[in-house]
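Residue-level listing of the chains:
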Amino acid sequence: MDSETRDYRTGGEDTVLDLTRDCADYVSGRGDGLLHLFVPHATAGLAILETGSGSDDDLLAALGDLLPADDRWRHRHGTPGHGRSHVMPALVPPYASVPVLDGSLALGTWQSICLVDLNVDNHERQVRFSFLAG
């Protein structure tokens with residue numbers, strides 16, 4: 001298995017960051033196998049969804065409805081509502097796997113691989129890319 005960690009800056013607001021191009025570059029020329037992504041953070045996740053047509057904003061709105069940024073959370077350090085960021089990975093998991101065929105991601109036409117981050121207190125994120133050859 002080959003593996004590397006890449007760094008991303010998500011900024012100070014709820015974010016859906018498209019990683020698809022980086023994923024495609026990482027698997028290019030590798031043949032058949034499996035791309036596995038993992039976020040080693042307690043407050044971020046990975047989602048496969050359509051982007052650019054409003055779905056990424058819809059995801060953030062749905063997470064905002066399910067996990068409001070208010071003072072209801074027992075986990076209270078950081079900005080108000082920070083505790084919701086620690087609950088989010090139960091809904092948007094910190095991992096994703098995608099088949100790779102002949103060095104290309106086997107995604108559907110409208111699917112993108114995205115980092116989802118609601119933690120406005122931590123702008124620096126890492127994503128581990130791992131390739132398991134078939």
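Scroll up for the structure.
This section reports on the structure supplied with the text. The shown structure was predicted, so the numbers you read here are calculated from the model rather than taken from an experiment. (Residues numbered from 1 in each chain as written. Predicted model: local features only at pLDDT ≥ 70, side-chain atom pairs only at ≥ 80, totals over all residues. Heavy atoms only, no water.)

1. Quick look at the packing of aromatic side chains
Using the criterion set out here, one finds 1 aromatic pair in the structure. Aromatic pair Tyr 26 and Phe 129: ring centres 5.5 Å apart, planes at 65°, arrangement edge-to-face. Here the residue Tyr 26 occupies a position in helix α1 (residues 20-27), and Phe 129 occupies one in strand β8 (residues 124-133), the gap between them amounting to 103 residues. Phe 129 shares its class with Tyr 26; the two are buried. Lying over the aromatic face of Phe 129, Arg 6 brings its terminal NZ or CZ to 4.7 Å of the ring centre. The cationic tip of Arg 30 hangs over the ring face of Tyr 26; the distance from NZ or CZ to the ring centre is 4.3 Å. (Phe/Tyr/Trp six-rings, centres within 6.5 Å; stacked < 30°, edge-to-face > 60°. Helix = DSSP H or I, 4+ residues; strand = E, 2+ residues; numbered from the N terminus. Buried < 20%, exposed > 50% of the residue type's maximum accessible area, 1.4 Å probe, protein only. Lys NZ or Arg CZ within 6 Å of the ring centre and 35° of its normal.)

2. Points about the sheet that holds strand β3 (residues 33-38)
Read from one edge to the other, the open sheet built from 5 strands follows the order β1-β8-β3-β5-β6, with strand pairing classed as antiparallel. Each edge of the open sheet carries a strand with a single partner, namely β1 (2-9) and β6 (104-105). In this structure, strand β5 (residues 95-101) lies alongside β6, joined through 2 bridges in antiparallel fashion. Across the sheet, residue Val 100 finds its bridge partner in β6, namely Leu 105. (Pairing = 2+ DSSP bridges.)

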